[in-house]
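# Descriptive analysis of the structure
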Amino acid sequence: MNILLTNDDGIYAPGLWTVYRRLMSKHAVTVVAPDRERSAAGHGITLNEPLRLETVEVNGGFQGYAVSGTPVDCVRLGVLEILARKPDLAISGINPGNNVGVNINYSGTVAAAREAALYGIPAIAVSTKGRDARQYEAAARFVGILAEFILCNGLPHGTMLNVNFPDISARRI
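This text gives an overview of the structure that appears in the document. Computed from a predicted structure; not experimentally measured.

## Digging into the pattern of salt bridges
Inspection of every chain in the model, using the stated rule, returns four salt bridges. Its salt-bridge partner being Arg36, residue Asp35 comes within 2.9 Å of it at the nearest N-O pair. When its relative accessible area of 30% is taken as the criterion, Asp35 is described as partly exposed.

This is the structure in structure tokens:
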């Protein structure tokens, strides 16, 4: 499966790379994320300044693309410019802090997944409770299972899932 992975917390965010490590052994994963934190960017796009794209090396050799724009800009660049073909799935996260209720309207994490869905790409926004989240592995394990399920069963056209986890170990979920 060809996966586009992004977030709103920036290219160096631990949740992003936890999901990457979980998925990379079975899938082609391309990381396109903001060059810095862009939380609460909503569904904004960059209009009046150039977007900068830089290849960066993270966590001992993993490569990704750092974008000077919003999470939605990252999805647009990934789909329209970076990837040779449309991805089979887009994943945004893992975001520290739930995206529920009114917060989904402001969330860059959710907006990135929503943008992928607008392109007809099944998408998942992933968040975990608390700004000081520590249990990314448990969420990443579930995301791997969910990605496989979507690959086998699909989602209705234009659908994105917003998945929120407690910040507890997998044994306790």
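## A short note on the packing of aromatic side chains
In total, this model carries four aromatic pairs according to the counting rule given. Here Trp17 and Tyr20 contribute two aromatic rings whose centre-to-centre distance is 5.0 Å and whose plane-to-plane angle is 65 degrees, an arrangement assigned as edge-to-face. On the criterion of helical spacing, the pair formed by Trp17 and Tyr20 is a turn pair, its members being three residues apart in helix H1 (residues 14–23). An identical accessibility class is assigned to Trp17 and Tyr20; each is buried. Joined through ring pairs, the aromatic side chains of Trp17, Tyr20 and Phe62 make up one cluster.

## Describing the sheet that holds strand S7 (residues 160–165)
The strand order across the open sheet built from seven strands is S3-S4-S2-S1-S5-S6-S7, with neighbouring strands paired in mixed fashion. A strand with exactly one partner marks an edge of an open sheet, and here the two such strands are strand S3 (53–58) and S7. Mean inter-strand twist for the sheet, computed between neighbouring axes without regard to direction, equals 25 degrees. Bridging between strand S6 (residues 123–128) and S7 involves six bridges; their strand directions are parallel. Paired with Ala123 across the strands is Met160, a residue of S7. With respect to the sheet, H1 is in contact with strand S1 (2–6), strand S2 (28–34), S3, strand S4 (62–67) and strand S5 (89–96), its orientation differing from that of S5 by roughly 135 degrees. Of the strands in this sheet, S1, S2, S3 and S4 are in contact with helix H2 (residues 71–82), which crosses S2 at around 135 degrees.

Definitions and limits used
- Residues numbered from 1 in each chain as written.
- Predicted model: local features only at pLDDT ≥ 70, side-chain atom pairs only at ≥ 80, totals over all residues.
- Heavy atoms only, no water.
- Salt bridge = Lys/Arg side-chain N within 4 Å of Asp/Glu carboxyl O.
- Buried < 20%, exposed > 50% of the residue type's maximum accessible area, 1.4 Å probe, protein only.
- Phe/Tyr/Trp six-rings, centres within 6.5 Å; stacked < 30°, edge-to-face > 60°.
- Helix = DSSP H or I, 4+ residues; strand = E, 2+ residues; numbered from the N terminus.
- Pairing = 2+ DSSP bridges.
- Axes fitted to C-alpha atoms, helices over the stretch in contact; angles between N-to-C directions.
- Contact = heavy atoms within 4.5 Å.

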